[in-house]
Amino acid sequence: MQIILYLSVALIAIAFFVLVIYLSTTLKSLQVTLTSVSKTLTGLEKQLDGVTTETTLLLQKTNALAEDIQQKSESLNSVVEAVKDVGTTVSQFNGTLKNITNSVDQQVEESKEKISQIVQWSNIILELKDKWQARKQSKNEAGSNERQRVRSH
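Throughout, a residue's number is its position along its own chain's written sequence, starting from 1. Note on the predicted model: pLDDT of at least 70 is required for a residue's local features to be given, and 80 or more for side-chain atom pairs to be given and counted; whole-chain, interface and lining totals, by contrast, use all residues. Side-chain numbers here rest on the full set of heavy atoms in the structure, without hydrogens or water.

Here we look at the overall build of the protein chain
Argument step 1. A helix here means a DSSP run of H or I that spans at least four residues, while a strand means a run of E at least two residues long, and both kinds are numbered starting from the N terminus. A count of helical and extended segments in the protein chain gives one helix and zero strands.
Argument step 2. Only C-alpha atoms enter the radius of gyration; for comparison, a globular chain is expected to reach 2.2 Å times N to the power 0.38, where N is the number of residues. What you see for the protein chain is a C-alpha radius of gyration of 61 Å, clearly larger than the 15 Å of a compact globule of 153 residues, by over 25%.
Argument step 3. Taking the principal axes of its C-alpha atoms as reference, the protein chain extends roughly 200 × 45 × 20 Å.
Argument step 4. Areas reported as accessible are Shrake-Rupley estimates using a 1.4 Å probe. Residue values count occlusion only from the protein chains shown. Carbon and sulfur atoms make up 63% of the accessible area of the protein chain, which amounts to about 14,500 Å² in all.

What to know about the environment of Ser116
Argument step 1. In this structure, Ser116 sits in helix H1 (residues 2-152).
Argument step 2. Remark: the alpha-carbon pair of Ser116 and Leu57, spanning 59 residues in sequence, is separated by 85 Å.

Observations regarding the pattern of salt bridges
Argument step 1. For salt bridges, the criterion is a side-chain nitrogen of Lys or Arg within 4 Å of an Asp or Glu carboxyl oxygen. Under the defined criterion, the tally for this structure stands at one salt bridge.
Argument step 2. Residues Asp68 and Lys72 are paired through a salt bridge, measuring 3.2 Å at the closest nitrogen-oxygen approach. Within this pair, Asp68 and its partner Lys72 are both found in helix H1, separated by four residues, close to a single helical turn.
Argument step 3. The exposure class of Asp68 is partly exposed, given its relative accessible area of 29%.
Argument step 4. Judged by relative accessible area, Lys72 falls into the exposed class, the value being 53%. Buried means the residue's accessible area, taken with a 1.4 Å probe over protein chains only, is under 20% of the maximum for its type, while exposed means over 50%, and partly exposed covers the values in between.

Spelled out as structure tokens, the structure:
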């Protein structure tokens, strides 16, 4: 029975030795895998640093662009207000011009009869002037004819 005991211990030792060999192989494989993962993580860390730097620069540029747009928007607001003021001024001018036109139309309507009388009197004065000049000219012609007769005699 002692032999069985020695054989059992030997068999356990061999099994333990085989187990250690398999565990050693598995651990070496795991070590290679972990080394590869470590290298990959190092590369990812470098890439992430690059992305972080680029993201920071992009964020700064975006903030600068937003500030520039804000300033231009404020400038554009002042231009829009100026144009609005011009529109209001033109509208007021048109209203004033309309009031003046209405006032002139009303005064012309009220003065229509007076203007008509003035035109009639002007026509009468012009006719009298024309008649007076024609009379004066006929007197001058009569006097000129008389002088010529006196000279010819």
